[in-house]
Amino acid sequence: MLFLYGDESHTPGADPIWGIGFLYTPDPQTHMREIAKIRKECGYERRELKYSSTDYSQILAATRLIDYFLSTENLYYKIIIKDNLFFNRQYFTKNHYDLDEKDMAYVSAYAELSKSINPITHDQHKKLLNLDDKGFRGNQILPRFLKEKDPTIVKVYRRDSAKRDKDGYFTGVSQMIQLADFLTGIIISYTADRKELDRD
């Protein structure tokens, strides 16, 4: 089984640049243990890792986690970036999911990214997705939508990225989603900044 952990940054149709990122691996338990260990060593095991956070105490943990991601094996990341300049509202307006154009663009991008990740490439046959639970209509319909669009998906879970265990520590799934969020936020922020510079 290939395990995927996803989150998005910025809003379709509202922000100039938005995107969705998946952190994925066939061996989640190993990476969950290592990520938890790094966060503990940095004293950041009880605070949420989030790109949009202004908590400067996360810098050491974030740097160590990025180093780990770049140096470890069997942990991958893929992002899809969308430019609002090419956002055609009419294309997404009419659909049988009763979604507005922004939510339809959102779920369509998730499906596009998911289908681009082939489990066979990683010696697996199926995928299990864990996505950050946002609560809005497009996010709520994601499990049904993705299973219809991608036959390699076995199950899609909407998870709370801030969920903790009985001892007050983030669950392994929560930590993976937080890392996906962090990587996606960094890339989207950089892309948006570059777009502004190119415009100037």
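Numbering of residues starts from 1 in each chain and follows the order in which that chain's sequence is written. Only residues with pLDDT of 70 or above have their local features reported here, since the model is predicted, and side-chain atom pairs are shown and tallied only from 80 upward, although totals for entire chains, interfaces and linings are computed over all residues. Water and hydrogen atoms were dropped before computing side-chain values, which therefore reflect all heavy atoms in the structure.

Regarding the environment of L4
Helical segments are the DSSP runs of H or I of at least four residues, strand segments are the runs of E of at least two, and each set is numbered from the N terminus. Along the chain, L4 falls in strand β1 (residues 2–9). Its relative accessible area of 0% is what places L4 among the buried residues. As for L4 and D103, which are separated by 99 residues in sequence, their C-alpha atoms are 21 Å apart. Every residue pair with non-hydrogen atoms within 4.5 Å of one another is taken to be in contact. If sequence neighbours within four positions are ignored, L4 has contacts with F22, L23, Y24, I117, K127, L128, L129 and N130. Classification of residues uses two cut-offs on accessible area relative to the type maximum, computed with a 1.4 Å probe and protein chains only: under 20% is buried, over 50% is exposed, and between them is partly exposed.

Here we look at the pairing of strand β2 (residues 17–25)
As a general feature of sheets, a regular strand has side chains that alternate between the two faces. The buried count for β2 comes to 9 of 9 residues, which makes it a mostly enclosed element. Strand pairing is defined by DSSP finding a minimum of two bridges between the two strands. Sheet analysis places β1 next to β2, joined by 7 bridges and oriented antiparallel. By the bridge assignment, L4 is partnered in β2 with Y24.

Re unusual backbone geometry
Trans is the common state for peptide bonds, and a negative phi is the common state for residues other than glycine. Positive phi, close to 70°, is recorded for H10, a residue that is not glycine. Relative to the helices and strands, H10 is located in the loop between β1 and β2. For H10, a relative accessible area of 38% gives the class partly exposed. Notably, D123 is not glycine yet its phi reads approximately 60°, a positive angle. Within the secondary structure, D123 sits in the loop between α4 (101–115) and β4 (127–132). A residue is classified by how much of its surface remains accessible, and D123, at 70% relative accessible area, is exposed.

Quick look at the pattern of salt bridges
One speaks of a salt bridge when a side-chain nitrogen belonging to Lys or Arg is within 4 Å of a carboxyl oxygen belonging to Asp or Glu. This model, assessed by the stated rule, comprises 9 salt bridges. One salt bridge connects K134 with D132, and the closest N-O pair in it is separated by 3.2 Å. On the basis of relative accessibility, which here comes to 32%, the residue K134 falls in the partly exposed class. One salt bridge in this structure joins E148 and R144, with 3.3 Å as the shortest N-O distance. Remark: R144 and E148 occur in helix α6 (residues 142–149); sequence separation between them is 4 residues, near one turn of the helix. Judged by relative accessible area, which is 46%, E148 ranks as partly exposed. A single network of salt bridges, built from pairs that share partners, joins D7, E8, D132 and K134.

It is worth stressing that arrangement in space is one thing and function is another; only the former is reported here.
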